Amino acid sequence: MSTRSRTPFYIAIFLIIATGISLAVWRHIELGIPWLTGEQRPVWMVEARVDFDATGGAVTAALNVPDQPPGFHTLSELAASPGYGFSILEQAGMRRAEWTKRDVTGPQTLYYKVQLIPDPDVRSIPAKVKPVARTVFWAEPEATAVREILEQAKQRSSNPQSMTRELIRLMQPDTGAQNTTLLTTGENYLDLLVDMLNFSGIPARAADGLKLEDARRRQPLLAFLQIHTGEEWLTFDPRTAEQGVPEDLLLWRQGSASLLDVVGGANSEISFSMLRQTIPAIQLAAMQSEETGLGFLSFYELPIEEQGMFRMLLLLPLGALVVAFMRMLIGIRTSGTFMPVLIAVAFVQTTLIPGLVAFLSVVAIGLLMRSYLSSLNLLLVSRISALIILVIFITAGLSVVGYQMGFNTGMTVTFFPMVIIAWTIERMSILWEEEGAREVIRQGTGSLFVAICAYLLMSAPLAGHLTFNFPELHLVILGLILLMGNYTGYKLSELRRFTPMKVYD
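Residues numbered from 1 in each chain as written. Predicted model: local features only at pLDDT ≥ 70, side-chain atom pairs only at ≥ 80, totals over all residues. Heavy atoms only, no water.

K.L.:
Looking at this structure, how should I read the nonpolar core?
P.N.:
Within soluble globular proteins, side chains that are nonpolar tend to cluster in buried spots. Counting residues in each nonpolar core, the largest one holds 40 residues, and the members touching the most others are Phe347, Phe359, Val391 and Met458. Within the residue set of this core, elements represented by two or more residues are helix 8 (316–330), helix 9 (339–350), helix 10 (352–375), helix 11 (380–404), helix 12 (418–435), helix 13 (437–458) and helix 15 (474–485). At seven residues, helix 13 tops the list of elements feeding residues into this core. Setting aside its immediate chain neighbours within four residues, Met458 contacts Leu315, Leu316, Leu318, Gly319, Ala344, Val345 and Val348. By size, the runner-up hydrophobic cluster in this structure holds 28 residues, among which are Ala48, Val65, Tyr112 and Val114. (Core = buried A, V, L, I, M, F, W, Y, C linked by side-chain atoms within 4.5 Å. Buried < 20%, exposed > 50% of the residue type's maximum accessible area, 1.4 Å probe, protein only. Helix = DSSP H or I, 4+ residues; strand = E, 2+ residues; numbered from the N terminus. Contact = heavy atoms within 4.5 Å.)

Printed below as a string of structure tokens:
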């Protein structure tokens, strides 16, 4: 008789476990769900404050706001402006926050707040239309000076990036060169660089950045230079020629659109404040999953009550894993196959010590009453029904007495599964009659030991976190249980029993 190959079985187990782990890793990477509990993520809260004096009549205030700034992911944005209408508009590829209101007079203050998550993988949105260098005209003698400086920069460079860096160095006011002194007038330095780069055929523009420092108020915007290489916009510091966007820099405005326009007001000003916050990574992941439309893959989309129910249900496979390990590999005998799991679930609600005391009390009193029921020679169904009612009376009595004595934990005894406990009492009573007190103690002790082990695993914060946020990891538990079910060797407790046989080897 040929033996069926177990290879397909092991391949299936491998695929089940690999699928569970792969899905969990994907959710961690894609949704940002942390592996550990209590993990915190930094979030920057940046507030733009706009002040102006309304001159009477309708007011329209438009502020340029960040549009996927490099290095940051926008988490949320909101405006605080009593009585004003507020909208986010897309105009010529720029995002602008617009406040509107009729009949406004006197000093006005508007707020725009945005929450940003540092993310080095976020890049600027590629331009829909490839930018071209705009035409710039120069009058003499500036035209000659521009051509000579650009020629020097060109000779020292090999591509638009290096030419931009060389041009910034040549245009530093402290160089003392005659052409530089002629062109630079201090205030138009950045505009001059933009014009010279466009004149040389390199699309360039100005940008405004905000240096992020915790708990800073009234911070100014810093000017930066950007060029387009044909594929993307690159950022340069016009003061140091340093290329790239520092980690603590938020590019607030990129492009030629004005930063702030106020129609119907005068003396407009804008200032920025910022605050670095930390929020739980799991909360951040839930917010991001809602934004990305992947929230349906999470239990966080369910009502709170159902979430609590699933938190408990998803712990049961851990208890089943402990029972399978203890019975099939260790060889611990329990009263009822999965009764320890249900007792462990009750322990999770009652905590260990009060639950243990309550469980032993209910079972002990129940055994005494079961002995009386046995003397009545009742049918099994009638006896079990009566036992269930008695167990309910016992738990209710313990709850009331415990509460009157000031032990609030006594109320939690109602979490015990009444029917299961009634069956446990019935089974122990029969076992006592057939195999004696020793076997009852052995199975009772084994059940409590397995229940305590399952409780310790199920009550671990990390276990609750992983089972609820990565439910696909239950496939790993399923694979392990199937593997254990394939084990046909000696159990650990049987090794001691067969030790005397070594004498005959």
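K.L.:
What is the right way to read the packing of aromatic side chains from this model?
P.N.:
Working definition: an aromatic ring pair is given by the centre-to-centre distance plus the angle between the planes. As enumerated under the stated definition, the model contains six aromatic pairs in all. Considering the side-chain rings of Trp35 and Phe470, the 4.7 Å spacing of their centres and the 15 degrees angle between planes classify their relative orientation as stacked. With Trp35 in the loop between helix 1 (7–31) and strand 1 (40–55) and Phe470 in the loop between helix 14 (461–469) and helix 15, this residue pair connects regions lying 435 residues apart in the sequence. In this structure Trp35 comes out as partly exposed when scored by relative accessible area, which is 31%. Just above the ring of Phe9 sits the side chain of Arg6; from NZ or CZ to the centre is 4.6 Å. (Phe/Tyr/Trp six-rings, centres within 6.5 Å; stacked < 30°, edge-to-face > 60°. Lys NZ or Arg CZ within 6 Å of the ring centre and 35° of its normal.)

K.L.:
For this particular structure, what's the right way to read helix 15?
P.N.:
Side chains of residues three or four places apart in an α-helix project in the same direction, reflecting 3.6 residues per turn. The terminal C-alpha atoms of helix 15 lie 16 Å apart, and with 12 residues this matches the ideal 16 Å at 1.5 Å per residue to within 8%. All of the buried residues in helix 15 are His474, Val476, Ile477, Gly479 and Met484. Tucked inside the fold, the buried residues of helix 15 contact helix 1, helix 8 and helix 14. (Expected span 1.5 Å × (residues − 1).)

K.L.:
Would you mind showing me how to read helix 9 here?
P.N.:
Along its 12 residues, helix 9 runs 16 Å from first to last C-alpha, staying within 8% of the 16 Å computed at 1.5 Å per residue. Helix 9 sits mainly inside the fold: nine of its 12 residues count as buried. Every buried residue of helix 9 is accounted for by Met339, Pro340, Val341, Ile343, Ala344, Val345, Ala346, Phe347 and Thr350. Among the residues trailing helix 9, Thr351 stands out with phi positive, at a value near 70 degrees.

K.L.:
Is there a simple way to think about the UniProt feature "transmembrane region" (unreviewed entry) in the protein in this case?
P.N.:
Those places that UniProt annotates as "transmembrane region" (unreviewed entry) correspond, in this numbering, to residues 6–26, 312–332, 338–368, 380–401, 446–467 and 473–492. Within residues 6–26, the helical portion is 95% and the strand portion 0%, while the C-alpha atoms at the span's ends are 30 Å from each other. (UniProt positions renumbered as here; feature names shortened; annotations may be inferred.)

K.L.:
Honestly, the sheet that holds strand 3 (residues 72–80) in this entry has me stumped. Any pointers?
P.N.:
Hydrogen bonding along the main chain pairs the strands of a sheet, whether they run parallel or antiparallel. Reading across from one edge, 3-6-1-13-8 is the order of the five strands in this open sheet, with antiparallel pairing throughout. If you trace the sheet from one side to the other, it starts and ends with strand 3 and strand 8 (216–219), each paired once. Across the sheet, the axes of successive neighbouring strands diverge by a mean angle of 20 degrees, strand direction being ignored. In this structure, strand 8 lies alongside strand 13 (residues 265–280), joined through two bridges in antiparallel fashion. Bridge pairing in strand 13 places Arg216 opposite Met274. (Pairing = 2+ DSSP bridges. Axes fitted to C-alpha atoms, helices over the stretch in contact; angles between N-to-C directions.)

K.L.:
What exactly am I supposed to notice about the layout of surface pockets here?
P.N.:
Gaps left between atoms are located by rolling a probe of water-molecule size over the structure's atoms. For the largest pocket, the calculated volume is near 810 Å³. Forming the boundary of the largest pocket are 34 residues, of which Gly93, Met94, Arg205, Trp233 and Gln254 lie nearest the centre. For the lining of the largest pocket, the secondary-structure elements that each account for two or more residues are strand 5 (94–101), helix 5 (189–199), strand 7 (204–211) and strand 11 (249–254). Looking at the lining of the largest pocket residue by residue, the class counts come to 19 nonpolar, eight polar and seven charged. Taken as a whole, the second largest pocket encloses approximately 530 Å³ of empty space. Every residue lining the second largest pocket is counted, 26 residues in all, and those nearest its centre are Pro70, Gly71, Val122, Arg123 and Val245. Those elements that provide at least two residues to the lining of the second largest pocket are strand 10 (233–236) and strand 11. Grouping the constituent residues of the lining of the second largest pocket by class yields 15 nonpolar, six polar and five charged. (1 Å grid on protein atoms, 1.4 Å probe; cavity = no way out; pocket = protein on both sides within 12 Å on 5 of 7 lines; lining within 4 Å. Points joined across faces, edges and corners; volume = space filled by probe spheres on them. Nonpolar A, V, L, I, M, F, W, Y, C, P; charged D, E, K, R; others polar.)

K.L.:
I tried to follow the environment of Met312 on my own but got confused; where do I start?
P.N.:
Tracing the backbone shows Met312 in helix 7 (residues 304–313). Looking at Met312, the relative accessible area reads 17%, which means it is buried. Through-space distance from the C-alpha of Met312 to that of Gly464 is 8.4 Å; in sequence the pair is 152 residues apart. Filtering out sequence-adjacent residues up to four positions away, Met312 remains in contact with Val345, Val348 and Gln349.

K.L.:
Please clarify how the sheet that holds strand 7 should be interpreted in this entry.
P.N.:
Read across the open sheet, the four strands follow the order 10-9-7-11; overall the sheet is antiparallel. Since the sheet does not close on itself, it has two edges, and those belong to strand 10 and strand 11, each with one partner. Taking the axes of each pair of neighbouring strands and ignoring which way they run, one obtains an average angle of 40 degrees across the sheet. Pairing of strand 9 (residues 222–228) with strand 10, which is carried by four bridges, proceeds in the antiparallel orientation. Counted as the bridge partner of Leu225 is Phe236 from strand 10. The strands touched by helix 5 are strand 7 and strand 9; relative to strand 9, the strand with the most contacts, the crossing angle is about 5 degrees.

K.L.:
Just to check I follow, could you spell out unusual backbone geometry for this structure?
P.N.:
Working note: non-glycine residues mostly have negative phi, and peptide bonds are mostly trans. Despite not being glycine, Asp103 has its phi angle at roughly 50 degrees, a positive value. Take Asp103: it is sitting in the loop between strand 5 and strand 6 (105–118). Non-glycine residue Asn267 carries a positive phi angle of around 55 degrees. The class for Asn267 is exposed, based on a relative accessible area of 58%.

K.L.:
Honestly, the pattern of salt bridges in this entry has me stumped. Any pointers?
P.N.:
Counted under the stated rule, the structure contains 14 salt bridges. The salt bridge involving Glu426 is made with Arg370; its shortest N-O contact spans 2.7 Å. Taken together, the positions of Glu426 in helix 12 and Arg370 in helix 10 put the pair 56 residues apart, joining distant regions of the chain. The exposure class of Glu426 is buried, given its relative accessible area of 1%. (Salt bridge = Lys/Arg side-chain N within 4 Å of Asp/Glu carboxyl O.)

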